[in-house]
Amino acid sequence: KNFGPLDVKGAPSQIYVVGPDWTGDFIQMHGTSGFTLNGGGRVYFATKPAEDFSDKDMYWQTDLVGSHFAYTLDLSNVGCKCNAAGYFIGMPGPAAGDGG
């Protein structure tokens, strides 16, 4: 499901926040400047406003060599024994090793 666009400085085009339908209960978009996840959920960054995960080429892949990726996390409302994380993982792409 597409939850909305996100401005990412230096990205060549608009980036979209997408995730499973059930994440809709936990996400709040703040215009194009950010989002909040409360109580659970999972999101991915995509290059198009996809409504499902059938297109393996939809995920945003960026080359970080010589660059940096910065974001702000507010963990003030995360309770004990809760896993709150942001990380980069290998996602499906056009071919093995494609992307950033």
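A. Quick look at the overall build of the protein chain. The number of helices and strands found in the protein chain is zero helices and five strands. Traced from its N-terminal end to its C-terminal end, the protein chain shows the element sequence β-β-β-β-β. In summary, the protein chain has a C-alpha radius of gyration of 14 Å against a globular reference of 13 Å for 100 residues, a match within 12%. Here the analysis covers contacts within the protein chain between residues at least 6 apart in sequence; of these, 46% occur between residues at least 24 apart. A total of about 7,100 Å² of accessible surface is found on the protein chain, and carbon and sulfur atoms cover 51% of it. Side-chain charges in the protein chain split into 6 positive and 10 negative, and the spacing between the mean points of these groups amounts to 5 Å.

B. Layout of the pattern of salt bridges. All chains considered together, the criterion is met by one salt bridge. Put simply, D55 and K48 hold a salt bridge, and the shortest N to O gap is 2.6 Å. With relative accessibility at 25%, the residue D55 sits in the partly exposed group. The exposure class of K48 is partly exposed, given its relative accessible area of 35%.

C. Main features of the environment of K48. Here K48 lies in the segment after β5 (44–46). Between the alpha carbons of K48 and G4 there is a distance of 9.9 Å; along the sequence they are 44 residues apart. Non-local contacts of K48, meaning those with residues more than four positions away in its chain, are made with Y16, V18, D55, D57 and M58. Of the polar contacts made by the side chain of K48, one reaches the side chain of D55; its length is 2.6 Å.

D. A look at a nonpolar patch on the surface. Together, Y71, L73, L75 and V78 line one region of the surface with nonpolar side chains, adding up to about 360 Å² of accessible area. Mapped onto the fold, Y71 is located in the segment after β5.

E. Up close: the layout of surface pockets. As a volume, the largest pocket reaches approximately 2,200 Å³. The wall of the largest pocket is formed by 49 residues, among which F35, V43, F45, Y71 and G86 lie closest to the centre. Broken down by secondary-structure element, the contributors of at least two residues to the lining of the largest pocket are β4 (35–37) and β5. Split into classes, the residues belonging to the lining of the largest pocket amount to 24 nonpolar, 19 polar and six charged.

Cut-offs applied
- Residues numbered from 1 in each chain as written.
- Predicted model: local features only at pLDDT ≥ 70, side-chain atom pairs only at ≥ 80, totals over all residues.
- Heavy atoms only, no water.
- Helix = DSSP H or I, 4+ residues; strand = E, 2+ residues; numbered from the N terminus.
- Rg over C-alpha atoms; globule rule 2.2 N^0.38 Å.
- Contact = heavy atoms within 4.5 Å.
- Areas by Shrake-Rupley, 256 points an atom, 1.4 Å probe, with all protein chains shown as cover.
- Lys, Arg positive; Asp, Glu negative; His and termini not counted.
- Charge placed at Lys NZ, Arg CZ, Asp CG, Glu CD.
- Salt bridge = Lys/Arg side-chain N within 4 Å of Asp/Glu carboxyl O.
- Buried < 20%, exposed > 50% of the residue type's maximum accessible area, 1.4 Å probe, protein only.
- Polar contact = N/O pair within 3.5 Å; in protein donor to acceptor, adjacent residues only side chain to side chain.
- Patch = residues over 30% accessible without salt bridge, like charges linked within 9 Å, V, L, I, M, F, W, Y side chains within 5 Å.
- 1 Å grid on protein atoms, 1.4 Å probe; cavity = no way out; pocket = protein on both sides within 12 Å on 5 of 7 lines; lining within 4 Å.
- Points joined across faces, edges and corners; volume = space filled by probe spheres on them.
- Nonpolar A, V, L, I, M, F, W, Y, C, P; charged D, E, K, R; others polar.

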